[in-house]
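# A look at the structure
Here are the chains, one letter per residue:
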Amino acid sequence: MPHQTESTVSAEPAQATCHSSVADNWVAPNPTNAFVTGLKVSNSMAGGKVTFIPENGNTVNWYGCGPTVYDSAHMGHARNYITFDILRRIMEDYFGYNVNMCMNVTDIDDKIIARARELHIPPNQLARYYENDFWRNLQALNCKMPDIITRVSEFIPEIQKFILKIIDNGYAYESGGSVYFDTTAFRNSEKHVYGRMEPWSVNDEARVLEGEGSLGVVGEKKCPLDFALWKKAKEGEPFWESVWGRGRPGWHIECSAMASDALGFPIDVHSGGIDLRFPHHDNELAQTEANFNRPQWVNYFLHSGHLHIQGLKMSKSLKNFITISAILENYDPKIVRLLVLLHRWDQPMNYHPKGESMKEPAEIHRTLSNFFATMKTLIRKAAKLEIEWSTPGDAKMDMKCCTAANQHWNQQDRSLLVQLNACQSKVHSALCDNFDTPSAVGALQQLITDVNKYISEQSADEYKGTLLIKVTSHVHRLMRVFGLVESENIFGYVSEAAAGGVDQRFADVMDLLGEFRHQVRDQSRGLMKKSATMDDARDVARSLLGACDEIRDKRLTALGVRLEDQGEKGFMWKELNM
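Position numbers for residues start from 1 in each chain and track the written sequence from start to end. Reporting of local features is limited, given that this is a predicted model, to residues whose pLDDT is at least 70; pairs of side-chain atoms are given and counted only at 80 or more, and all residues count toward the totals for whole chains, interfaces and linings. Here the side-chain values reflect all heavy atoms present in the structure, with hydrogen atoms and water set aside.

### With respect to the side chain of Asp450
The criterion, for reference: Put simply, DSSP marks the helices as runs of H or I at least four residues long and the strands as runs of E at least two long, and each gets a number from the N terminus on. When a residue's accessible area, from a 1.4 Å probe over protein chains only, is under 20% of the maximum for its type it is buried; when over 50% it is exposed; and in between it is partly exposed. Two residue types count as positive, namely Lys and Arg, and two as negative, namely Asp and Glu; His and chain ends fall outside the count. Think of a salt bridge as a Lys or Arg side-chain nitrogen and an Asp or Glu carboxyl oxygen that are within 4 Å of each other. Should any heavy atoms of two residues lie within 4.5 Å, those residues are counted as being in contact.
Within the secondary structure, Asp450 sits in helix α14 (residues 437-456). Among buried charged residues, Asp450 stands out as having no salt bridge; its nearest opposite-charge side chain is Lys453, 6.7 Å away. When residues no more than four places from it in sequence are discounted, the contact partners of Asp450 are Leu416 and Gln419.

Here it is as structure tokens:
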């Protein structure tokens, strides 16, 4: 009997009630060395949210659908690849899994052939150009590179061998130089299930043919729902020699052969966009299970939600096609990533090209930049030295902060620690609950609000440097987990360049300048309040105040420094994220 999961959300629409439940055909992994963290994920194989357990300890073998390289990468790609980069980072850097990430590059495809014909260039030249463009865009978005890259053109022998095994097992046949998967034979097998994730779609001939490619089918099928594993080459098309004659792989078989070669059977995670669930991913499952003659090739299938442009599907015909390069001309990559973080990864995301959808992530980016700049200044003041450490918990940093000021905790200190612990708990619960990044970001925003209140309620000499370090380290750790910053420096979010630290002489000069300006400003304001008969003195005071304002508002800002007047508390300066 298959293990019944704790499915919470059915992936099956109402009209599918005549089919067996998706969850009925999924068996939860049950290894002897189970590594359980409390993480639950939305799994298309199970029809809902289930506990995540890898096959082998904390090792996660993950195959992600990569690009078909025939055009520029667009906003839909950005949503998909940033989404799974975030999930991968959370698994690795938060939960402690050892992820082996494999991604394919489809460089043989009907779309590539058709586009190359339009441009009058060889298909392999077109594919290599857009593959390089894809990797550049991925780097610009701060997505980690996969550990394993598989190109279809480099796996032709393995793909052919994979197809031959499916034929030997009785689940495929040759017809007119092409090879087709025998869906009828597979469905008649007691061992296998066709359409594991979308059983309601398996008889949809239009969607099956959609997956066959724009250049059509060659050869007679036994059943209209059968799909191509190997396509006989037409005149003028690229081809490879095979036992069936000249041809090239079908779309679905490529991922099955390459992922199995790289990661084996079964694999823990397979990921891709929801639009690929059927027929592409269901056909991948069928082919691979037919090859190995074993059920459940993938334990957890993760599908990211659709991207909509003002509620519509993105397409060139609708003139709402937006490339990644165009997005990055207007927005910092951090803001683009924050947009993704503010949406549940498996739900639709709407994008407004006029900027409405970017307002909230842009505001959060400003809040985070200001938070880290403020913390750097306050901790430097508390420690009475320039920041020279790179990682939280540095002994020299903690020692300086402990010996620099009165360490007796007051009620504000105790309250902030409670608020930090509450934030940590909320973030953990959110990430365990199917990578709920919107709730995690919300918890961080509340913590920053609590820190600002802590700062405003007391004087600078009452701040506890060690407590501020603890808070800053927590926020910084999550910035790294979410891929918003790479630097280990706890102030790295401000900018990778600024995170290297301002040298001590500059810090001393800023302290001296700030103190001198503060004294001049106080004395000038005192003169302004005196008798109106002291016109000359008032004029001098007014001139000095104007000079103070110009230093603060223009001269220092141009140099990348913000000076903030804080009334009786004095002043604060911080580096700007320029």
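### Some words on the packing of aromatic side chains
Here is the rule we go by: Each aromatic pair joins two rings of Phe, Tyr and Trp (for Trp, the six-membered one) with centres within 6.5 Å, and gets the label stacked for planes under 30 degrees apart, edge-to-face for over 60, and tilted for any other angle. Comment: the charge-over-ring label is applied if NZ (Lys) or CZ (Arg) is within 6 Å of the ring centre and within 35 degrees of the ring normal.
Inspection of every chain in the model, using the stated rule, returns 23 aromatic pairs. Aromatic pair Phe95 and Tyr97: ring centres 6.3 Å apart, planes at 50°, arrangement tilted. Pair check on accessibility: Phe95 and Tyr97 agree, each one buried. One Lys or Arg, Lys222, reaches over the ring of Tyr173 and ends 4.6 Å from the middle of that ring. One cation-aromatic arrangement involves Lys334 over Tyr493; the distance from NZ or CZ to the ring centre is 5.2 Å.

### Some remarks on helix α13 (residues 411-432)
The criterion, for reference: Helix span, as expected, comes to 1.5 Å for every residue beyond the first. The definition of a polar contact used here is a pair of N or O atoms within 3.5 Å, where within protein one atom must be able to donate a hydrogen and the other to accept one, and adjacent residues in sequence count solely through side-chain atom pairs.
Look at α13: 32 Å from first C-alpha to last across 22 residues, which is about the 32 Å you get at 1.5 Å a residue. Along α13, the residues classified as buried are Asp413, Leu416, Leu420, Cys423, Val427, Ala430, Leu431 and Cys432. Structurally, α13 contributes buried residues whose contacts are with β1 (40-43), α1 (75-94), α14 and α15 (465-481). A side-chain oxygen of the first residue of α13 lies 3.1 Å from the backbone nitrogen of Gln412; this N-cap is Asn410.

### Some thoughts on the sheet that holds strand β5 (residues 148-151)
Consider a sheet: its strands pair through backbone hydrogen bonds, and that pairing is either parallel or antiparallel. This is how it is decided: Being paired, for any two strands, means DSSP has found at least two bridges between them. Fitting a line to C-alpha atoms yields each axis, with helices limited to the stretch in contact; the angle taken between N-to-C directions then spans 0 to 180 degrees.
With respect to topology, five strands assemble into an open sheet ordered β5-β4-β3-β10-β11, the strand pairing being parallel. The sheet is open, and its two borders are formed by β5 and β11 (298-304), each paired with just one other strand. The mean inter-strand angle of the sheet, taken between neighbouring strand axes irrespective of direction, is 20°. In this sheet, β11 lies alongside strand β10 (residues 267-273) in parallel orientation, the contact comprising six bridges. Residue pairing in the sheet places Gly272 in a bridge with His303 of β11. Sheet strands in contact with α1 are β3 (59-64), β4 (98-105), β10 and β11, and its direction is about 135° off that of β11.

### Points about unusual backbone geometry
A cis amide bond links Phe265 with the next residue in sequence, Pro266, at an omega value of -5°. Its location among the elements puts Pro266 in the loop between α7 (251-263) and β10. In this structure, the amide linkage connecting Phe278 to the following residue, Pro279, adopts the cis form with an omega of 10°. Mapped onto the secondary structure, Pro279 falls in helix α8 (residues 277-292). At Asn142, a position not held by glycine, the phi torsion is positive, near 60°. Take Asn142: it is sitting in the loop between α3 (123-140) and β5. Note on Asn142: relative accessible area 23%, which makes it partly exposed.

### Notes on the nonpolar core
Heads up, the rule is: Residues enter a nonpolar core if they are buried and are Ala, Val, Leu, Ile, Met, Phe, Trp, Tyr or Cys, with the set joined through side-chain atoms within 4.5 Å. Here the limits of each domain have been adopted from an automatic or database domain assignment.
Of all hydrophobic cores here, the largest spans 143 residues; its most connected members are Trp62, Met75 and Phe482. Tallying contributions element by element places α1 first for this core, with ten residues. Counting residues domain by domain, this core receives three or more from each of domain 1 (40-169 + 253-353) and domain 2 (359-494). Discounting residues that sit within four places of it in the chain, Met75 has contacts with Leu307, Met314, Ile322, Thr323, Ile324, Ile327, Val336, Leu339, Met349 and Tyr351. Counting five residues, the second-largest nonpolar core is a separate cluster that includes Leu556, Val561, Phe571 and Trp573.

### With respect to the environment of His280
Following the sequence through the fold, His280 ends up in helix α8. As for His280 and Arg207, which are separated by 73 residues in sequence, their C-alpha atoms are 9.8 Å apart. Not counting the four nearest positions on each side in its chain, His280 is found in contact with Cys65, Trp251, His252 and Cys255. Among the polar contacts listed, one links the side chain of His280 to the side chain of His252, at a separation of 3.0 Å.

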